[in-house]
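# Examining the three-dimensional arrangement
Residue-level listing of the chains:
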Amino acid sequence: MSGSPDPAVRAGYMTEERRMIRDTARRFTEEEVLPVANELDPVEGSIPDHVIRKMADLGFFGITIPEEHGGLGLGSFEYCLVAEQLSRGWMSVASLIARANTGVLSDGLRGDTEKLKALLPRVAAGEYLTAYALSEPATGSDLSSISCRADRQDNGDWLINGNKYWCTFADGADAIVVFARTASPPSADKRHLGISAFLVDKPRGELPDNCRGATIPKIGYHGWKTFELSFENCRVPADKLLGVEGKAFYLMARFLDVARAHTAARSIGLAQGALDDSVDYVRERQQFGRPISEFQAIRFKIASMATKIEAARQLLHHVCTEIDSGRRCDSEASMVKYFASEIAEEVTSEAIQIHGGAGYTRHFAVERYWRDARLTKIFEGTSEIQQRIISDNILGRSDVDRQIIADAFEQQFG
Ligand SMILES: Cc1cc2nc3c(=O)[nH]c(=O)nc-3n(C[C@H](O)[C@H](O)[C@H](O)COP(=O)(O)OP(=O)(O)OC[C@H]3O[C@@H](n4cnc5c(N)ncnc54)[C@H](O)[C@@H]3O)c2cc1C
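The structure displayed is predicted, hence computed values, not measured ones.

This part is about the overall build of the chain. Along the backbone of the chain there are 15 helices and ten strands. Relative to a compact globule of 414 residues, whose C-alpha radius of gyration would be 22 Å, the chain shows 22 Å and is just as compact. If you line up the chain on its principal axes, its C-alpha atoms span 80 × 45 × 40 Å. Excluding contacts between residues fewer than 6 apart, the proportion of contacts in the chain whose partners are at least 24 apart in sequence is 72%.

Attention shifts here to the environment of His192. Following the sequence through the fold, His192 ends up in the loop between β4 (175-181) and β5 (195-201). Using a count of 25 C-beta atoms within 10 Å as the deciding quantity, one classes His192 as buried. Through-space distance from the C-alpha of His192 to that of Ala248 is 8.5 Å; in sequence the pair is 56 residues apart.

Turning our attention to the pairing of strand β3 (residues 158-168). Looking along a regular strand, one sees the side chains alternate between the two faces of the sheet. As paired strands, strand β2 (residues 149-152) and β3 are joined by four bridges and run antiparallel to one another. Counted as the bridge partner of Arg152 is Trp158 from β3. Two successive antiparallel strands, β2 and β3, enclose a turn made up of five residues, where Gly156 displays a positive phi of approximately 100°. In the sheet, β3 pairs with strand β7 (residues 226-236) via eight bridges, with the strands oriented antiparallel.

Neighbouring residues of the ligand: 19 residues in total, closest Gly140, Ser141, Trp166, Thr382 and Glu384. Looking at the shell around the ligand, the elements with two or more residues in it are β1 (130-133), β3 and α14 (383-395). Here the shell around the ligand is built from residues that sort into ten nonpolar, six polar and three charged. Taken domain by domain, the shell around the ligand gets at least three of its residues from each of domain 2 (130-247) and domain 3 (252-413).

Turning to unusual backbone geometry, a few remarks are in order. Excluding glycine, a negative phi dihedral is what most residues carry, and trans is how most peptide bonds are arranged. Despite not being glycine, Trp166 has its phi angle at roughly 70°, a positive value. Looking at the element boundaries, Trp166 is found in strand β3. Positive phi, normally seen in glycine, also occurs at Asn210, with a value near 60°. Of note, Asn210 is situated in the loop between β5 and β6 (211-215). Using a count of 15 C-beta atoms within 10 Å as the deciding quantity, one classes Asn210 as partly exposed.

Below, the discussion takes up helix α12 (residues 330-354). In an α-helix, one turn spans 3.6 residues; hence positions three or four apart end up facing the same way. The first and last C-alpha atoms of α12 sit 36 Å apart over 25 residues, in line with the 36 Å expected at 1.5 Å per residue. Directly after α12, the chain includes Gly356, whose backbone phi takes a positive value near 60°.

Reading guide: rules and limits
- Residues numbered from 1 in each chain as written.
- Predicted model: local features only at pLDDT ≥ 70, side-chain atom pairs only at ≥ 80, totals over all residues.
- Helix = DSSP H or I, 4+ residues; strand = E, 2+ residues; numbered from the N terminus.
- Rg over C-alpha atoms; globule rule 2.2 N^0.38 Å.
- Contact = placed C-beta atoms within 7 Å.
- Buried ≥ 20, exposed ≤ 12 C-beta atoms within 10 Å, placed from the backbone.
- Pairing = 2+ DSSP bridges.
- Near = placed C-beta within 6 Å.
- Nonpolar A, V, L, I, M, F, W, Y, C, P; charged D, E, K, R; others polar.
- Domains from an automatic or database assignment.
- Expected span 1.5 Å × (residues − 1).

See below:
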C-alpha cells in the first residue's frame, strides 16, 4: 500500500504526468476561470477572449491532437482530467475545449493529408474553433430524423436549407459543422444513412452568409450563447464535405464514447466545485453557537456528496482507460455519463441546501453549479437515452432505433 490519499493514484491511473496536467488545469481554473465565472455568469456574459488565449497557450485545445499536428498527443484520460478541473470553475469553459478535441474534424479530413496538415495546428492553437449544428426544432434525441437538407449543385458546391436548433457558440466559432440530409434514407430502419456533415466556415463573431440566427434564452450555461439557426441557400464549397457522403452518422457515433466521458468529467467538476464550496461554508457558518459543520445532519450530507463524486470519478477513469486502449465500452460510457450527471444534480442541489437561504441567491456559486449540472442530464444524450443503451446491452435491443445505433458501432468495431 502506498498510503497515498488520492484513490486514483492507488489505482495506478494517475501517473506523475497526469497529476501535473490536472494540477496545471486546477491552478488555471482557480486563478483565471473562477473569478470571471463569478463575475460574468450572473450577467450572462460570455467567456472572455483572454481566457481563451490562455487556454490555447496551455495546450488545452490540442490535448488529443497528435504531436505532429501541433497537439499534445494525449488521450481522453488527460482530456477529461482537464475538463473536470475547468468545469469546477465554469462548465462553459470546460465545454469550449470540446470544440477542438472531438476527433470529428481529423477523422472527417483523414482522406486529405494536406488539409489536415493545414488545419489541425490551427485547431490545437485555439485559432480554429467549431460549433456543432445537429439538433433541429423537431429533432433531438433521434438525430437520424434530421430534415435540414444539402443539395449538390452542378459545380459540385452544396446549398444548405433548413432549420437548426441549440447550436451553441454559433457566433464565436470559426466554423459550424452542419449535419444535413443529402439523400433520402433507403428504408425506415436505415434512416441514419443519407446524412452528411459540412464544415461551414465563417468569420469569428458572425453567422455564415445566408444563415440567420436568434439566441435561445437559457437558465444556465451562460459562458456562451446558444442559437436557433435558419439556413437559406447557404453555399458550401465541395471540398468542405467532412468524411464520407451520406455517412456522417458514423462519423458522429465514432466519438460518442469520448463525448460522454467528457460530459461525465464536466458533471464531476461541477459536483466537486459544489462540495468544495460547501466544505468552506459549513466551517464558517455558525448556528446555535457553533459551526454547522458540527451537526451530524450536515456532516453526513458532505460524506454522501464526496462518496458519489468519487464513485463517478473512478468509473470515469476506467472508461477513459478503455477508450484510450481502443476497447469497446459504449455501455460503460453511457453508464458514466448517466451516473455522473445524475449525481451532479443531486450533489449541487444538496450544496444549495447546505448553504440555506444563501444558496438560493446569486451571491454564492452553488446556484450556478446546480443550473449547469441540470443541463448535463439533457445534452450529449439524455439520461433516458443512456438508460436505453445500458438496458439494451443487458436485455437485448428493444427496437429499430437501437438497431441504428448498433449499426454505427458495428461500423466502428465490427
Ligand atoms: C443548453 C443546450 C445546449 C445545446 N447545444 C447543442 C449544440 O451545440 N449542438 C447541437 O446539435 N445540439 C445541442 N443541444 C441539443 C441537445 O443535444 C438536445 O437537447 C438533446 O439531445 C435532447 O434533445 P431534445 O431537447 O430535442 O429532447 P427530446 O429528444 O425531445 O426528448 C424529450 C424527452 O423525451 C425523452 N426521450 C426521447 N426519446 C426517448 C426514447 N427513445 N426513450 C426514452 N425517452 C426518450 C428524453 O430523454 C427527454 O426526457 C443543446 C441543448 C441544450 C439544452
